[in-house]
Amino acid sequence: DAMVIQNPRYQVTQFGKPVTLSCSQTLNHNVMYWYQQKSSQAPKLLFHYYDKDFNNEADTPDNFQSRRPNTSFCFLDIRSPGLGDAAMYLCATSRDERAGGQIRNEQFFGPGTRLTVL
Amino acid sequence: AQSVTQLDSQVPVFEEAPVELRCNYSSSVSVYLFWYVQYPNQGLQLLLKYLSGSTLVKGINGFEAEFNKSQTSFHLRKPSVHISDTAEYFCAVTRRNSGNTPLVFGKGTRLSVIA
(Lines give C-alpha, C1' and ligand atoms only; values in the text may rest on other atoms or scores of the structure.)
Protein backbone atom coordinates (compact mmCIF):
# COMPACT_ATOMS: atom_id res chain seq x y z
CA ASP A 1 0.00 0.00 0.00
CA ALA A 2 1.12 3.51 -0.75
CA MET A 3 2.04 5.30 2.43
CA VAL A 4 4.08 7.81 4.39
CA ILE A 5 6.77 6.23 6.58
CA GLN A 6 8.63 7.89 9.42
CA ASN A 7 11.75 6.56 11.11
CA PRO A 8 12.39 6.14 13.89
CA ARG A 9 9.03 6.14 15.66
CA TYR A 10 10.71 7.09 18.93
CA GLN A 11 13.96 9.06 19.21
CA VAL A 12 15.84 10.00 22.35
CA THR A 13 18.63 12.55 22.16
CA GLN A 14 20.68 14.61 24.57
CA PHE A 15 20.44 18.33 25.03
CA GLY A 16 22.45 19.97 22.24
CA LYS A 17 23.18 16.75 20.33
CA PRO A 18 22.13 16.96 16.66
CA VAL A 19 19.39 14.64 15.55
CA THR A 20 17.87 13.75 12.18
CA LEU A 21 14.36 12.47 11.60
CA SER A 22 13.45 10.68 8.39
CA CYS A 23 10.34 10.61 6.22
CA SER A 24 9.74 8.63 3.06
CA GLN A 25 6.69 8.24 0.84
CA THR A 26 5.53 5.87 -1.85
CA LEU A 27 2.68 8.13 -2.99
CA ASN A 28 4.81 10.06 -5.50
CA HIS A 29 3.47 13.30 -4.07
CA ASN A 30 5.27 16.49 -5.00
CA VAL A 31 4.67 18.36 -1.73
CA MET A 32 6.11 17.27 1.63
CA TYR A 33 5.54 18.93 5.01
CA TRP A 34 7.05 18.80 8.49
CA TYR A 35 4.87 19.60 11.51
CA GLN A 36 5.74 19.88 15.18
CA GLN A 37 3.06 18.79 17.64
CA LYS A 38 3.55 19.37 21.34
CA SER A 39 1.47 17.64 23.94
CA SER A 40 -2.24 18.45 23.73
CA GLN A 41 -1.69 20.99 20.95
CA ALA A 42 -2.48 21.21 17.26
CA PRO A 43 0.22 20.40 14.72
CA LYS A 44 2.31 23.43 13.84
CA LEU A 45 3.82 23.68 10.40
CA LEU A 46 7.60 24.11 10.39
CA PHE A 47 8.26 24.10 6.64
CA HIS A 48 7.34 22.38 3.42
CA TYR A 49 8.83 21.47 0.06
CA TYR A 50 6.89 22.14 -3.10
CA ASP A 51 8.85 19.93 -5.47
CA LYS A 52 12.41 21.13 -4.77
CA ASP A 53 11.39 24.56 -3.52
CA PHE A 54 11.82 24.99 0.22
CA ASN A 55 9.25 27.10 2.08
CA ASN A 56 10.06 28.02 5.64
CA GLU A 57 7.42 29.30 8.05
CA ALA A 58 8.31 32.71 9.45
CA ASP A 59 8.39 31.56 13.06
CA THR A 60 10.33 28.33 12.58
CA PRO A 61 13.55 28.56 14.62
CA ASP A 62 16.89 28.46 12.79
CA ASN A 63 17.67 25.36 14.81
CA PHE A 64 15.41 23.42 12.46
CA GLN A 65 16.58 22.55 8.96
CA SER A 66 15.29 20.26 6.25
CA ARG A 67 16.62 18.37 3.24
CA ARG A 68 14.81 16.72 0.36
CA PRO A 69 17.33 14.78 -1.73
CA ASN A 70 14.65 13.32 -4.01
CA THR A 71 10.86 13.07 -4.38
CA SER A 72 10.54 10.18 -1.96
CA PHE A 73 12.60 11.32 1.00
CA CYS A 74 12.61 14.30 3.31
CA PHE A 75 14.70 14.84 6.45
CA LEU A 76 14.27 17.07 9.47
CA ASP A 77 17.54 18.12 11.13
CA ILE A 78 17.56 19.65 14.58
CA ARG A 79 21.02 21.11 15.03
CA SER A 80 21.03 21.67 18.80
CA PRO A 81 17.92 20.26 20.42
CA GLY A 82 16.66 21.97 23.52
CA LEU A 83 14.23 20.67 26.11
CA GLY A 84 11.51 22.71 24.44
CA ASP A 85 11.94 20.77 21.21
CA ALA A 86 10.58 17.59 22.72
CA ALA A 87 7.47 16.85 20.69
CA MET A 88 5.86 14.61 18.10
CA TYR A 89 7.14 15.41 14.62
CA LEU A 90 4.74 14.65 11.80
CA CYS A 91 5.55 14.33 8.13
CA ALA A 92 2.81 14.78 5.56
CA THR A 93 2.54 14.74 1.78
CA SER A 94 0.11 16.05 -0.80
CA ARG A 95 -0.21 16.24 -4.56
CA ASP A 96 -0.84 19.51 -6.26
CA GLU A 97 -3.17 18.36 -8.97
CA ARG A 98 -6.02 19.92 -10.82
CA ALA A 99 -9.31 18.09 -11.02
CA GLY A 100 -12.24 19.83 -12.62
CA GLY A 101 -10.43 23.14 -12.35
CA GLN A 102 -9.90 22.84 -8.60
CA ILE A 103 -6.66 22.22 -6.80
CA ARG A 104 -6.95 19.63 -4.07
CA ASN A 105 -4.78 19.77 -0.99
CA GLU A 106 -5.55 16.61 0.94
CA GLN A 107 -2.57 15.77 3.10
CA PHE A 108 -1.51 12.27 4.04
CA PHE A 109 0.29 11.93 7.35
CA GLY A 110 2.89 9.53 8.59
CA PRO A 111 2.67 7.96 12.08
CA GLY A 112 5.05 10.53 13.56
CA THR A 113 8.33 10.43 15.45
CA ARG A 114 8.20 11.19 19.15
CA LEU A 115 11.36 13.05 20.16
CA THR A 116 12.56 13.07 23.76
CA VAL A 117 15.37 15.43 24.79
CA LEU A 118 17.27 14.54 27.95
CA ALA B 1 -5.18 34.39 6.61
CA GLN B 2 -7.36 31.56 7.77
CA SER B 3 -8.10 30.50 11.34
CA VAL B 4 -10.02 27.66 12.96
CA THR B 5 -11.80 27.57 16.31
CA GLN B 6 -12.81 24.31 17.91
CA LEU B 7 -15.18 25.37 20.61
CA ASP B 8 -14.80 22.37 22.90
CA SER B 9 -11.44 21.12 24.10
CA GLN B 10 -12.95 17.97 25.63
CA VAL B 11 -16.19 16.14 24.94
CA PRO B 12 -17.19 13.16 27.11
CA VAL B 13 -20.06 11.06 25.79
CA PHE B 14 -21.58 7.70 26.62
CA GLU B 15 -21.23 4.81 24.24
CA GLU B 16 -23.99 4.63 21.59
CA ALA B 17 -24.97 8.26 22.21
CA PRO B 18 -24.77 10.85 19.43
CA VAL B 19 -21.98 13.40 19.36
CA GLU B 20 -21.28 16.72 17.69
CA LEU B 21 -17.82 18.31 17.62
CA ARG B 22 -17.97 21.95 16.70
CA CYS B 23 -15.70 23.81 14.31
CA ASN B 24 -15.86 27.40 13.11
CA TYR B 25 -13.47 28.99 10.66
CA SER B 26 -12.53 32.45 9.55
CA SER B 27 -11.33 33.31 6.05
CA SER B 28 -11.60 36.13 3.55
CA VAL B 29 -11.35 33.67 0.65
CA SER B 30 -13.00 30.41 -0.27
CA VAL B 31 -11.66 27.39 1.56
CA TYR B 32 -11.46 23.64 1.69
CA LEU B 33 -12.32 22.06 5.05
CA PHE B 34 -11.11 18.85 6.67
CA TRP B 35 -11.56 16.76 9.79
CA TYR B 36 -8.69 14.58 10.96
CA VAL B 37 -8.58 12.03 13.78
CA GLN B 38 -5.50 11.23 15.84
CA TYR B 39 -5.26 8.14 18.02
CA PRO B 40 -2.65 8.10 20.81
CA ASN B 41 0.94 8.11 19.56
CA GLN B 42 -0.15 8.03 15.94
CA GLY B 43 -0.28 10.41 13.00
CA LEU B 44 -3.38 12.12 11.68
CA GLN B 45 -5.92 10.22 9.62
CA LEU B 46 -8.37 11.99 7.33
CA LEU B 47 -12.00 11.48 8.37
CA LEU B 48 -13.67 13.59 5.70
CA LYS B 49 -13.27 16.70 3.59
CA TYR B 50 -15.37 19.38 1.98
CA LEU B 51 -14.09 20.61 -1.38
CA SER B 52 -17.27 21.59 -3.22
CA GLY B 53 -20.77 20.37 -4.05
CA SER B 54 -23.10 18.92 -1.44
CA THR B 55 -22.69 20.60 1.92
CA LEU B 56 -23.28 17.32 3.77
CA VAL B 57 -20.13 15.26 3.64
CA LYS B 58 -19.89 11.64 4.73
CA GLY B 59 -16.62 10.19 5.92
CA ILE B 60 -15.14 7.05 7.38
CA ASN B 61 -16.21 5.32 10.59
CA GLY B 62 -19.78 6.64 10.32
CA PHE B 63 -18.86 10.31 10.72
CA GLU B 64 -20.40 13.15 8.73
CA ALA B 65 -20.04 16.92 8.66
CA GLU B 66 -22.06 19.78 7.27
CA PHE B 67 -20.55 22.86 5.69
CA ASN B 68 -22.51 26.00 6.57
CA LYS B 69 -21.14 28.97 4.70
CA SER B 70 -23.37 31.58 6.34
CA GLN B 71 -22.33 30.45 9.81
CA THR B 72 -18.75 29.62 8.73
CA SER B 73 -19.06 26.26 10.45
CA PHE B 74 -18.12 22.68 9.69
CA HIS B 75 -19.41 20.62 12.62
CA LEU B 76 -18.64 16.90 12.85
CA ARG B 77 -21.35 14.45 13.87
CA LYS B 78 -21.86 10.78 14.55
CA PRO B 79 -25.26 9.33 15.50
CA SER B 80 -23.88 6.57 17.73
CA VAL B 81 -20.32 6.50 19.07
CA HIS B 82 -18.19 3.51 20.02
CA ILE B 83 -15.41 3.14 22.55
CA SER B 84 -12.99 2.97 19.62
CA ASP B 85 -13.90 6.54 18.64
CA THR B 86 -12.00 7.84 21.67
CA ALA B 87 -9.33 10.07 20.13
CA GLU B 88 -8.32 13.66 19.35
CA TYR B 89 -10.17 15.31 16.49
CA PHE B 90 -8.77 18.22 14.50
CA CYS B 91 -10.62 20.55 12.16
CA ALA B 92 -8.47 22.16 9.46
CA VAL B 93 -8.83 24.67 6.66
CA THR B 94 -6.84 25.63 3.60
CA ARG B 95 -7.31 28.13 0.82
CA ARG B 96 -9.22 26.93 -2.19
CA ASN B 97 -7.34 26.67 -5.47
CA SER B 98 -3.92 27.05 -3.93
CA GLY B 99 -2.17 23.73 -4.23
CA ASN B 100 0.59 24.12 -1.70
CA THR B 101 -1.08 26.32 0.87
CA PRO B 102 -0.57 24.58 4.19
CA LEU B 103 -3.36 23.44 6.45
CA VAL B 104 -4.37 25.58 9.40
CA PHE B 105 -5.49 23.41 12.29
CA GLY B 106 -7.77 24.06 15.21
CA LYS B 107 -6.53 23.21 18.69
CA GLY B 108 -8.33 19.90 18.71
CA THR B 109 -11.20 18.29 20.61
CA ARG B 110 -10.58 15.26 22.76
CA LEU B 111 -13.53 12.86 22.45
CA SER B 112 -13.82 10.43 25.34
CA VAL B 113 -16.39 7.68 24.94
CA ILE B 114 -17.57 6.22 28.22
CA ALA B 115 -18.82 2.64 28.50
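Residues numbered from 1 in each chain as written. Chains lettered and ligands numbered in written order. Predicted model: local features only at pLDDT ≥ 70, side-chain atom pairs only at ≥ 80, totals over all residues. Heavy atoms only, no water.

**Some details on the state of the cysteines**
By the definition in use, this model includes 2 disulfides over all chains. Between the sulfur of A:C23 and that of A:C91 lies a disulfide, 2.0 Å long from S to S. Measuring the twist about the S-S bond at about -70 degrees, one finds the A:C23-A:C91 disulfide to be left-handed. Linking A:C23 in strand β3 (residues 19-25) with A:C91 in strand β9 (residues 87-94), this pair joins segments that are 68 residues apart in sequence. Here B:C23 pairs with B:C91 through a disulfide, and the sulfurs are 2.0 Å apart. Looking along the S-S bond of the B:C23-B:C91 disulfide, the torsion reads about -65 degrees, which is the left-handed sense. Taken together, the residues B:C23 in the loop between β3 (19-21) and β4 (24-26) and B:C91 in strand β10 (residues 87-95) connect sequence positions 68 residues apart. Each member of the pair, B:C23 as well as B:C91, carries the same accessibility label: buried. Free cysteine A:C74: the closest other cysteine sulfur is in A:C91, separated by 6.0 Å. (Disulfide = S-S within 2.5 Å. Helix = DSSP H or I, 4+ residues; strand = E, 2+ residues; numbered from the N terminus. Buried < 20%, exposed > 50% of the residue type's maximum accessible area, 1.4 Å probe, protein only.)

**Side note on the sheet that holds strand β8 (residues 73-78) of chain A**
All names here are of chain A. Taken in spatial order, the 4 strands of this open sheet run β1-β3-β8-β7, and their pairing is antiparallel. In the strand order of this sheet, the two ends are held by β1 (4-7) and β7 (64-67), each with one partner. On average, adjacent strands in this sheet sit at an angle of 20 degrees to one another, irrespective of strand direction. Relative to β8, β7 runs antiparallel, the two being bridged by 4 bridges. Across the sheet, S66 pairs through a bridge with L76, a residue of β8. (Pairing = 2+ DSSP bridges. Axes fitted to C-alpha atoms, helices over the stretch in contact; angles between N-to-C directions.)

**Looking at the packing of aromatic side chains**
Under the definition given, this model contains 15 aromatic pairs over all chains. Both rings, one in A:F73 and one in A:F75, keep their centres 6.3 Å apart while their planes meet at 15 degrees; by these two values the pair is stacked. Under the relative-accessibility criterion, A:F75 is labelled buried at 18%. Considering the side-chain rings of B:Y25 and B:F67, the 6.3 Å spacing of their centres and the 25 degrees angle between planes classify their relative orientation as stacked. In this pair, B:Y25 sits in strand β4 while B:F67 sits in strand β8 (residues 64-68), placing the two residues 42 residues apart along the sequence. Both residues of the pair, B:Y25 and B:F67, count as buried. Counting every residue linked through ring pairs, the aromatic cluster contains A:Y33, A:Y35, A:F109, B:F34, B:Y36, B:F90 and B:F105. (Phe/Tyr/Trp six-rings, centres within 6.5 Å; stacked < 30°, edge-to-face > 60°.)

**Quick notes on the environment of B:L7**
Residue and element names in this part refer to chain B. Tracing the chain through its elements places L7 in the loop between β1 (3-5) and β2 (10-14). A relative accessible area of 44% places L7 in the partly exposed class. Separated by 58 residues in sequence, L7 and A65 have C-alpha atoms that sit 15 Å apart. Contact partners of L7, with chain neighbours within four places excluded, come to R22 and N24. (Contact = heavy atoms within 4.5 Å.)

Function-wise, these values are silent; they only describe arrangement.
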